[in-house]
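The residues making up each chain are set out below.
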Amino acid sequence: MSTRELTITDNKGTSIILKLTETSLEISVGVGNVSSRRRSSGSPLPFLGSKSSTMVIQVPLRNVVAVTSSDVVEVSYLARKSPKHSLSLFRVEGSLGERDDTLAKQWCETVMAAAYRGRTPPKKVKVLINPRGGRGQAGSIYTDKVEPILSAAGCVLDVIYTTHPKHALEIAQDLSLDIDALVVVSGDGLIHEVLNGFSKHAQPDKAFCIPIAPIPAGSGNGLSLNLLGLQDGLDPRAAALNVLKGLHLKVDLFAFTQGNQKRLSFMSQTVGLMAYIDIETEHLRWMGDLRFVVGFLRGVVTLPTCKMELSIKLAEQDKVKMANAVRARRADASSDIPAVSMSPSSENIYDLGSPGDTWIKYDKPCLWVYAGKGPYVSRSLMQFPVSQPDDGLIDIAIQEIISRKDLLTSMEGADKGRSYWFGTNRYFKASAYSAKPHANSRGALMVDGELFPMQEFHVEVLPRLGTLLSPFPYYAPDFTLRENGTVLKPGS
């Protein structure tokens, strides 16, 4: 037995060979043994259709959750039963027989070091669950899909179910600083509460360095989509894997001020039609992401407009330049995220340039103003395709008034950011902005999905204040549409 290969015997006497390669854990098992297990609901192995004498499964090292050795050797990993399936947790176990137990432990340690790239999974994890979020399934999502993965990795879990509005804020305000990660099983609203709780913490600088990992269990799940991408962004098991394998990603937050009220915002501020969509579909949360499509269609019928004066501290408005900047970051970033300093830093080699004191005004009726961070606000809408997590800027999109027909047409490709290139979509990057509604102006204002009075407000970027767990040093969704509507090929 070498430090890269181990043979174990399962309870049916079949030998299973576990081999560590540069990129994967290779599991070889006899087909007779596999076939009988495939017929049972608790099959520990996916992809069991081969007629060869041995079935070989390649498990990417990132998907290896835990490898332990005591009386038996047990391997826990995530895999898809088919390319169309979401991830599932599988286990392979077997005894060593007469083999050297010390060498087996060394093999397990070698595999774990490779699977976690020399790091260790988080030990102390705080979990907040909103049982009423989205479709009301957060509790079962956690117990059925998330907890088994975190437990397999040896995490010590402290779980709290929120019971009332702003409960998460209260918890975050008094949160112990000795935890390794804060897991939020909900939609984006609970993360808003957590961040505002951190701002009231006795040691806010240290609180903001606690990494947050979202588990998608709400309606929009925009943050999870932005961190994990479209394939995995709505998969709770993929999000649980991110708790174990993700590294610290610093992100900008926003200081929202309205009168004497001050809040932190992490995702978006919306005025006009897009705000109405959020409000008018609150009772449709059971529909999940589809509620926003239904709300948009309703909005096309009523076509509300907003009248306000915007003052924008401009950093950039050249769409081609902004698109090139976000693509350059993806191209140049390494496949791993370097360890970040636990104190805020303003360094960013992908900055489009330090914003000066160039303020511009926009004072025309429009359909909506949408400002925020992160490409996706929901699965069906890539609102900010050139957003970057830590460029020190907020993306602002102003939709000029267009016909109902054009609005309906704009739905095509909305999930790919197609509207970014529309001439009627005014798009800016800014370090701050202010909005002043016209006298007697009617409308709605939403901040991270929470309703605020339609009154004057100011937003300023707080560079790199927040900390998330992420598999990438950038937002996962890739903006591939060119100005002419063609799609960029990978690597171009």
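**So, the packing of aromatic side chains**
According to the stated counting rule, one finds eleven aromatic pairs in the structure shown. Ring geometry for tyrosine 370 against phenylalanine 384: centres 5.5 Å apart, planes inclined by 90°, an arrangement best described as edge-to-face. Of this pair, tyrosine 370 sits in strand E17 (residues 366–372) while phenylalanine 384 is found in the loop between strand E19 (381–382) and strand E20 (394–400), placing the two residues 14 residues apart along the sequence. By relative accessible area, phenylalanine 384 is classed as buried at 0%. For the pair tyrosine 420 and tyrosine 427, a centre-to-centre distance of 4.8 Å together with 75° between the ring planes defines the contact as edge-to-face.

**Thoughts on the pattern of salt bridges**
Considering all chains together, one arrives at 21 salt bridges under this definition. The closest approach of N and O atoms between arginine 80 and aspartate 232, which form a salt bridge, is 2.8 Å. Here the residue arginine 80 occupies a position in strand E6 (residues 72–80), and aspartate 232 occupies one in helix H7 (residues 222–232), the gap between them amounting to 152 residues. Accessibility expressed as a relative area gives 16% for arginine 80, which makes it buried. Across the pair glutamate 450 and lysine 166 runs a salt bridge, and its minimum N-O distance is 4.0 Å. Linking glutamate 450 in strand E23 (residues 450–452) with lysine 166 in the loop between strand E9 (156–161) and helix H4 (167–173), this pair joins segments that are 284 residues apart in sequence. Judged by relative accessible area, glutamate 450 falls into the partly exposed class, the value being 24%. Shared partners join several salt bridges into a network, and the residues in it are Asp252, Lys373, Asp391, Asp395 and Lys429.

**Examining helix H8 (residues 236–245)**
Burial of H8 is extensive: ten of the ten residues sit out of reach of the surface. Listed in full, the buried residues belonging to H8 are Pro236, Arg237, Ala238, Ala239, Ala240, Leu241, Asn242, Val243, Leu244 and Lys245. One side-chain oxygen at the N-terminal end of H8 lies 3.0 Å from the backbone nitrogen of arginine 237; it belongs to aspartate 235.

**With respect to unusual backbone geometry**
Although it is not a glycine, aspartate 448 sits at a positive phi angle of roughly 50°. For aspartate 448, the location among the structural elements is in the loop between strand E22 (445–447) and E23. Even without being a glycine, arginine 464 presents a positive backbone phi close to 55°. Mapped onto the elements, arginine 464 comes out in strand E24 (residues 457–470). You can call arginine 464 buried: its relative accessible area is 12%.

Reading the values: the criteria
Residues numbered from 1 in each chain as written. Predicted model: local features only at pLDDT ≥ 70, side-chain atom pairs only at ≥ 80, totals over all residues. Heavy atoms only, no water. Phe/Tyr/Trp six-rings, centres within 6.5 Å; stacked < 30°, edge-to-face > 60°. Helix = DSSP H or I, 4+ residues; strand = E, 2+ residues; numbered from the N terminus. Buried < 20%, exposed > 50% of the residue type's maximum accessible area, 1.4 Å probe, protein only. Salt bridge = Lys/Arg side-chain N within 4 Å of Asp/Glu carboxyl O. Polar contact = N/O pair within 3.5 Å; in protein donor to acceptor, adjacent residues only side chain to side chain.

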